[in-house]
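The primary structure of each chain is shown beneath.
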Amino acid sequence: MHQPLALRCDAAALAGNFHHLQNLAGVPAGAAIKADAYGLGAREAARHLLDAGCRDFFVSTWWEAAELDFLPPDSLAVLHGLGVNDAALPGVRPVLVSPEQIVRWKNAGPPDAPCDVMIDTGMNRLGLRAEDIDLLEGLSIHTLHSHLACADEDIPVNDRQLEAFRALRSAVPAQRYSLANSAGILLGRDYAFDLVRPGLALYGGIPRAEGRGLVRQVATPEAQIIQLRTVPAGETVGYNATFAAATDTRIAIINIGYADGYWRGFSSRGMARFQGRELAVVGRVSMDLVALKVDGAADIREGDWVELAFDLEHAAQTSGMSQYELLTGLGSRFRRYWI
Ligand SMILES: *Cc1c(COP(=O)(O)O)cnc(C)c1O
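Residues numbered from 1 in each chain as written. Predicted model: local features only at pLDDT ≥ 70, side-chain atom pairs only at ≥ 80, totals over all residues. Heavy atoms only, no water.

Moving on to the overall build of the protein. In terms of helices and strands, the protein carries nine helices and 17 strands. Expressed along its principal axes, the backbone C-alpha trace of the protein runs to roughly 75 × 45 × 35 Å. Residue burial in the protein is summarised as follows: out of 339 residues, 53% are buried. Within the protein, residue pairs in contact and separated by at least 24 positions form 64% of the contacts whose partners lie at least 6 positions apart. Looking at the protein as shown, the accessible area adds up to about 15200 Å², and 50% of this sits on carbon and sulfur atoms. Charged side chains of the protein number 31 positive and 40 negative; the gap between the two group centres comes to 4 Å. (Helix = DSSP H or I, 4+ residues; strand = E, 2+ residues; numbered from the N terminus. Buried < 20%, exposed > 50% of the residue type's maximum accessible area, 1.4 Å probe, protein only. Contact = heavy atoms within 4.5 Å. Areas by Shrake-Rupley, 256 points an atom, 1.4 Å probe, with all protein chains shown as cover. Lys, Arg positive; Asp, Glu negative; His and termini not counted. Charge placed at Lys NZ, Arg CZ, Asp CG, Glu CD.)

Right, let's get into the UniProt feature "domain: Alanine racemase C-terminal" (unreviewed entry) in the protein. Under the present numbering, the feature "domain: Alanine racemase C-terminal" (unreviewed entry) in UniProt falls on residues 218–339. In residues 218–339, the share of helix is 11% and the share of strand is 37%. The end C-alpha atoms are 10 Å apart. (UniProt positions renumbered as here; feature names shortened; annotations may be inferred.)

In this section: the site of the ligand. The full set close to the ligand counts 13 residues, and K34, Y38, S182, L200 and Y324 are the nearest of them. With respect to the ligand, the side chain of K34 contributes an N or O atom lying 2.6 Å from an oxygen atom. Between the ligand and L200 there is a distance of 2.8 Å, counted from an oxygen atom to a backbone nitrogen or oxygen. For the ligand, the accessible surface in isolation is 380 Å², of which the surrounding protein chains cover 93%. (Near = heavy atom within 4 Å. Polar contact = N/O pair within 3.5 Å; in protein donor to acceptor, adjacent residues only side chain to side chain.)

Moving on: the packing of helix 1 (residues 11–25) against helix 3 (residues 42–51). Axis separation between helix 1 and helix 3 bottoms out at 9 Å; the angle between their running directions is 55°. Considering their axes alone, helix 1 and helix 3 lie oblique with respect to each other. As helix 1 runs across helix 3, the sense of the crossing is right-handed. The residues of helix 3 that touch helix 1, namely those facing A11, L14 and F18, are A45, H48 and L49. (Axes fitted to C-alpha atoms, helices over the stretch in contact; angles between N-to-C directions. Parallel < 35°, antiparallel > 145°, perpendicular 65-115°, else oblique. Left-handed = near helix turned anticlockwise from the far one by under 90°.)

As a further point, take the side chain of S178. Note on placement: S178 falls in strand 8 (residues 176–178). In this structure S178 touches T143, L144, H145, S146, F165, F193, L195, V196 and R197, once residues within four positions along its chain are discounted.

In this section: unusual backbone geometry. In this chain, G109 is followed by P110 through a cis amide linkage whose omega measures -10°. In this structure, D74 takes a positive phi of about 65° despite not being glycine. Mapping D74 onto the fold places it in the loop between helix 4 (62–66) and strand 4 (76–78). For Q275, which is not glycine, the phi torsion reads 45° and is therefore positive.

With that settled, the discussion passes to the domain arrangement of the protein. Think of interface size as the accessible area that goes away when the parts come together; that is how it is often given. Domains assigned within the protein are domain 1 (11–204) and domain 2 (219–338). Facing 13 residues of domain 1, the contacting portion of domain 2 comprises eight residues. Between domain 1 and domain 2 the total buried area reaches about 1000 Å² when both faces are included, carbon and sulfur atoms providing 69% of it. Looking only at domain 1, the three residues that lose the most surface to domain 2 are Y38, L40 and L200, adding up to 50% of its buried area. If you look at where domain 1 meets domain 2, you find zero salt bridges. Across the domain 1-domain 2 interface, the total number found is one residue pair in polar contact (both at pLDDT 80 or more). Residue assignment for the side of domain 1 that touches domain 2 shows that the elements contributing at least two residues are helix 1, helix 2 (34–38) and helix 3. Among the elements that make up the side of domain 1 that touches domain 2, the one with the highest residue count is helix 3 (three residues). Partitioned by chemical class, the residues of the side of domain 1 that touches domain 2 number eight nonpolar, four polar and one charged. (Domains from an automatic or database assignment. Buried area = accessible area lost by both parts, 1.4 Å probe. Salt bridge = Lys/Arg side-chain N within 4 Å of Asp/Glu carboxyl O. Nonpolar A, V, L, I, M, F, W, Y, C, P; charged D, E, K, R; others polar.)

Structure representation (structure tokens):
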């Protein structure tokens, strides 16, 4: 069946972002492809990243891992570890996050099965506390991780976490050590250790100013025009009548809305493009519909496609949503395709 809504994903931009981040870090980059690769589609994104040379991947759950059966053995790790209801998949490592999980993994055996471990250095979300590292005795740790809480800000927390992680590197034997997410990579090579773990920046997000000019947009929503109409001067458009036409105004109604992750914050602020011309969003974003002012595009027709302005740094400012939410909110009604 025809889908009047598409998400165009740029494989060259994804590969370019991967290479740029890896070169900046000076060590291999493993890709966070949890949450369906931040909404782009984990299977497709992983295939393109594999082609680009990526050899480490991270998902949150075993349910996500099961979808990625084509990845090479020992290239995938599960960030939420081995929970009460989980069974490990062959060739996939858990990232053990708690004393309970370490006991569970040791009991599941064999003792030399490789695992990853998350150690908490100040975020107090997931991870073993530093005082519990004796529990790691006897494990075969592939990658020891920690996670930065504030890497998108310039505050002393980053240095404190870096120092804590350096101390752990001396205390806990592992094949590799990994600390930096996308923002952490942009903090500099001190944070890179043996492996970096970008997510957002692979998909076009810019968590710190240093990412500008380095990271390219990957995902662009495209929506089809359902109807064109002329709104007479003085009449209003959409819920709560927030836009009033000062003069007779040509409007296009497009097939996208907040149910698709085009959030209400784009109301009267978002923008679309048709053949290079900019069309302003007018009035409220509805669940499934958005109105665009098309005065400058007399040749536009029912059935034409427009693309939504979705440069993430700018779209986040416009909508009041985070770059992460903008990507992961992209709904199930898009036909996702890669160019
Ligand atoms: C999601 C996640 C990442 C990637 O973070 P970004 O900010 O998207 O680059 C890295 N490490 C861990 C542990 C994560 O959960």
